[in-house]
Amino acid sequence: MSDVKHTNIIETEAFRDRIATVDESGKRKWIYAYQPKGKFYNIRTILSVFYFLIFFGLPFIEVDARPLFQFNIPEAKFILFGKIFWPQDFFIFGLTMVTFVFFIVLFTAAFGRLFCGWACPQTNFMEMMFRRVEYWVLGDAPAQRQLKKAPWTGKKIFKVGLKHVLFFLLSFIIANFFLAYIIGIKELEKIITEPVTEHVAGFASIIVFSGVFYGVYAFFREQACTVVCPYGRLQSVLLDKNSMIVAYDYKRGEPRGNFKKQAELNLGDCIDCHQCVKVCPTGIDIRNGVQMECVGCTACIDACNHIMDSIDKPRGLIRYASENSIAKGEPLHYTTRMKLYTGLCFLLLAVLSVILLTRKDVDATVIRTAGMLYQERGTDSISNLYNIRMVNKTTQDLNIEIRLVDAQGRIQMAGNPIIKMAKEAQAAGTFFVVLPKENIKQRKTMIRLAIFENGKEITITKTNFLGPAL
Ligand code: SF4
Ligand code: SF4
């Protein structure tokens, strides 16, 4: 048995001492990942095309003359699905965040790092854009390794130079669109078409973002997932033994060993060819079990399936599975737990949608003027003075009128009876509410005020009306 490597995953845990991209001396190990080939890689390639179309296309989509999505952090203005959110909507933002965190916890507990492998921008841009350019310019992993060792000839300078020029160009393009998500495509257009001197901050942002993206994709690469990404760091607490992960079927694969000696030594199906390791963009050996560095990219599934085909064994030695399903030797089922979590995730999404869609277009805050009690109006009426502050979250100028709801009396505006409110702006006004004395039954009466825009009620707000002590 001496030539059979019994690297049993339970006995050898030394790989957990440090991440796969760092050697014993603490130096970065550069990963030369082979280009995967197979079903999953093909599907990911097709999906990535849609992904990039969406990423580069969304900033051009407008709803009611405003972007579909905008995350204007400097101006604290956020647009989701064409609806504008102001600092006043902070509670919605808070609720969204809480819902989002619950969603992530549930989704990850059920489906592991499905997001990382298929939907994460870092994985998509790195694996489906930048690494493809690298393969195209430098060749597959062995050619890249050779080029690294080769002396600096004209050919090497050209290849490496071309790769970095293309990487920077792509980073520059991504940076422009990234900025478009913050300031909007129209503002970006101005930065591009107008003199730099008029948009120094915008231009500087593009250069900084380009530099960051270039640094990440040219040098930092998989470290973003293994060292920096907070979601990646949380995997150890979010995953459990029933979560869906990319897993090696050690029951079927072990003991691993040379293909030619499989029958003679009664070995498992793993022929220890290391193809799964060679394609891994984070440099890990999935046969060691669940590891924090695994981004669920499925490259090792494709690589191993290819090997299984070539040695005439069933596919799926590495596959989507849960730790428990591997231990029990069962295929991965869509378990009740997964169904429950999926249901909860949909429920949370529904709650979030309701919160976002029912948000009012006009926020009105009515406060009784401080320091004033009430005013006698002749012999039969009492009035209170109020201040109103409103936020117009629409893209249209509004003419606002205030009316009393369910109370007999009238509104008397101080100044123009119509408050004019510019689009995406705030407005304020002062008005009296005049009520007949006979209708005032207590010192504090709750009244409701309706805000009308061109005869259409857009929101209702409540306030107190103060009368004499009875
Ligand atoms: S172990 Fe497999 S799924 Fe995980 S990152 Fe490496 S290649 Fe991708
Ligand atoms: S690719 Fe498959 S057979 Fe080859 S080492 Fe990996 S698990 Fe074993």
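Residues numbered from 1 in each chain as written. Chains lettered and ligands numbered in written order. Predicted model: local features only at pLDDT ≥ 70, side-chain atom pairs only at ≥ 80, totals over all residues. Heavy atoms only, no water.

**Considering the sheet that holds strand S4 (residues 77–80)**
Thought 1: The strand order S3-S4-S5 describes an open sheet built from 3 strands, whose pairing is antiparallel. Two strands bound the open sheet, and with one partner strand each, they are strand S3 (70–72) and strand S5 (83–85). Strand-to-strand twist of the sheet, defined as the mean angle between neighbouring strand axes without regard to direction, takes the value 20°.
Thought 2: Two elements, S4 and S5, share 3 bridges in a ladder whose sense is antiparallel. Note that in S5 the partner of Phe78 across the bridge is Phe85. (Pairing = 2+ DSSP bridges. Helix = DSSP H or I, 4+ residues; strand = E, 2+ residues; numbered from the N terminus. Axes fitted to C-alpha atoms, helices over the stretch in contact; angles between N-to-C directions.)

**Things to note about the site of ligand 2**
Thought 1: Around ligand 2 sit 13 residues in total, of which Cys270, Cys273, His274, Cys276 and Cys304 are the nearest.
Thought 2: Elements represented by at least two residues in the shell around ligand 2 include exactly helix H14 (275–278) and helix H15 (299–310). (Near = heavy atom within 4 Å.)

**Observations concerning the site of ligand 1**
Thought 1: Taken together, 13 residues lie around ligand 1, and Cys280, Cys294, Val295, Cys297 and Cys300 are the ones closest in.
Thought 2: For the shell around ligand 1, a count of residues per class yields 10 nonpolar, 3 polar and no charged. (Nonpolar A, V, L, I, M, F, W, Y, C, P; charged D, E, K, R; others polar.)

**Comments concerning the nonpolar core**
Thought 1: By size, the foremost hydrophobic cluster in this structure holds 30 residues, and its most contacted members are Ile286, Ile318 and Tyr320.
Thought 2: Sorting the residues of this core by element identifies helix H2 (90–111), strand S6 (245–248), H15, strand S7 (318–321) and helix H17 (336–357) as the ones contributing at least two each.
Thought 3: Take this core: its biggest share by element is 5 residues, from H15.
Thought 4: For Ile318, the residues in contact, after removing those within four places along its chain, are Val246, Ala247, Tyr248, Cys276, Ile286, Cys300, Ile301, Cys304 and Asn305. (Core = buried A, V, L, I, M, F, W, Y, C linked by side-chain atoms within 4.5 Å. Buried < 20%, exposed > 50% of the residue type's maximum accessible area, 1.4 Å probe, protein only. Contact = heavy atoms within 4.5 Å.)

**Side note on a nonpolar patch on the surface**
Thought 1: Residues Ile43, Ile46, Leu47, Val49, Phe50 and Leu53 make up a contiguous nonpolar surface patch of roughly 570 Å² in combined accessible area.
Thought 2: Tracing the backbone shows Leu47 in helix H1 (residues 39–57). (Patch = residues over 30% accessible without salt bridge, like charges linked within 9 Å, V, L, I, M, F, W, Y side chains within 5 Å. Areas by Shrake-Rupley, 256 points an atom, 1.4 Å probe, with all protein chains shown as cover. Salt bridge = Lys/Arg side-chain N within 4 Å of Asp/Glu carboxyl O.)

**Details of the side chain of Arg221**
Thought 1: Looking at the element boundaries, Arg221 is found in the loop between helix H8 (200–220) and helix H9 (223–228).
Thought 2: Among the residues examined, Arg221 registers a relative accessible area of 1% and is labelled buried.
Thought 3: Contacts of Arg221, omitting those with residues within four sequence positions, involve Arg28, Trp30, Gln122, Met126, Arg131, Glu134, Lys163, Phe167 and Val216.

**Section: the sheet that holds strand S15 (residues 444–453)**
Thought 1: An order of S13-S11-S15-S16 is seen for the 4 strands of this open sheet, with the pairing classed as antiparallel. Looking at the sheet topology across the chains shown, the edges are occupied by strand S13 (419–421) and strand S16 (456–466). Strand-to-strand twist in this sheet, taken as the mean axis angle between neighbours without regard to direction, amounts to 35°.

**Observations regarding helix H5 (residues 141–149)**
Thought 1: Looking at H5, one finds that the buried residues are Ala141, Gln144 and Leu147. End-on view of H5: buried residues confined to an arc of 125°, all on one side of the axis. Looking at H5, the residues exposed on the side facing more than 90 degrees away from the buried face are Gln146 and Lys149.
Thought 2: Contacts from the buried residues of H5 go to helix H4 (121–138) and helix H6 (154–183). (Arc of directions from axis to C-beta.)

**Notes on the packing of aromatic side chains**
Thought 1: On inspection of all chains with the given rule, the structure shows 23 aromatic pairs.
Thought 2: A ring pair is formed by Phe55 and Phe56, whose centres lie 5.0 Å apart and whose planes are at 85°; its orientation type is edge-to-face. Across the pair, exposure class does not vary: Phe55 and Phe56 are buried alike.
Thought 3: Taking the centre distance of 5.9 Å and the plane angle of 10° together, the rings of Phe103 and Phe107 count as stacked. Taken together, the positions of Phe103 and Phe107, both in helix H2 and 4 residues apart, correspond to about one turn of that helix.
Thought 4: Overall, the relative accessible area of 21% leaves Phe103 in the partly exposed class.
Thought 5: With relative accessibility at 21%, the residue Phe107 sits in the partly exposed group.
Thought 6: Directly above the ring of Trp152 sits Lys156, whose terminal nitrogen or CZ lies 4.3 Å from the centroid. (Phe/Tyr/Trp six-rings, centres within 6.5 Å; stacked < 30°, edge-to-face > 60°. Lys NZ or Arg CZ within 6 Å of the ring centre and 35° of its normal.)

**Points about the confidence of the model for the protein chain**
Thought 1: Looking at the protein chain as a whole, the pLDDT averages 87, with 96% of positions reaching at least 70.
Thought 2: Note on residues 1–10: pLDDT is under 50 here. Beyond four places in sequence and across chains, it has 18 contacts. (pLDDT = per-residue confidence, 0-100.)

**A few points about the pattern of salt bridges**
Thought 1: Applying the stated criterion across every chain, the model contains 17 salt bridges.
Thought 2: Measuring nitrogen to oxygen at the nearest pair gives 2.8 Å for the salt bridge that ties Glu127 to Arg131. Taken together, the residues Glu127 and Arg131, both in helix H4 and 4 residues apart, mark about one turn of the helix. Comparing Glu127 with Arg131, the two get one shared label, buried.
Thought 3: Ionic pairing is found between Arg403 and Glu401, a salt bridge with its closest N-O pair at 3.3 Å.
Thought 4: Owing to a relative accessible area of 27%, Glu401 belongs among the partly exposed residues under this scheme.

**As for H2**
Thought 1: Between its first and last C-alpha atoms H2 spans 31 Å; for 22 residues at 1.5 Å apiece the expected length is 32 Å, and the two agree.
Thought 2: Of the residues making up H2, those classed as buried are Ile92, Thr96, Thr99, Leu106, Thr108, Ala109, Ala110 and Phe111.
Thought 3: At its buried positions, H2 is contacted by S5, helix H3 (114–118), helix H10 (230–233), helix H11 (235–238) and H17. (Expected span 1.5 Å × (residues − 1).)

**Quick look at unusual backbone geometry**
Thought 1: Omega for the bond connecting Glu254 with Pro255 falls within 30 degrees of zero, at -5°, which places this linkage in the cis form.
Thought 2: Looking at the secondary structure, you find Pro255 in the loop between helix H12 (250–253) and helix H13 (262–265).
Thought 3: In this structure, Thr298 is a non-glycine residue whose phi angle is positive, near 75°.
Thought 4: Position of Thr298 among the secondary structure elements: in the loop between H14 and H15.

**Let's talk about the environment of Val105**
Thought 1: On the secondary structure map, Val105 appears in helix H2.
Thought 2: Separated by 164 residues in sequence, Val105 and Asp269 have C-alpha atoms that sit 35 Å apart.

**Here's the deal with the packing of H4 against H6**
The axes of two packed helices give the description: the angle between them and the distance between them.
Thought 1: Following both chains from N to C, one finds H4 and H6 inclined at 155°, their axes separated by 9 Å at the closest point. Between H4 and H6, the crossing angle belongs to the class labelled roughly antiparallel. As for the relative orientation of H4 and H6, their crossing is right-handed in sense. Residues Phe125, Met129, Phe130, Val133, Glu134, Trp136, Val137 and Leu138 of H4 touch H6, and the partners they reach there are Lys159, Val160, Leu162, Lys163, Leu166, Phe167, Leu170, Ser171 and Ile174. (Parallel < 35°, antiparallel > 145°, perpendicular 65-115°, else oblique. Left-handed = near helix turned anticlockwise from the far one by under 90°.)

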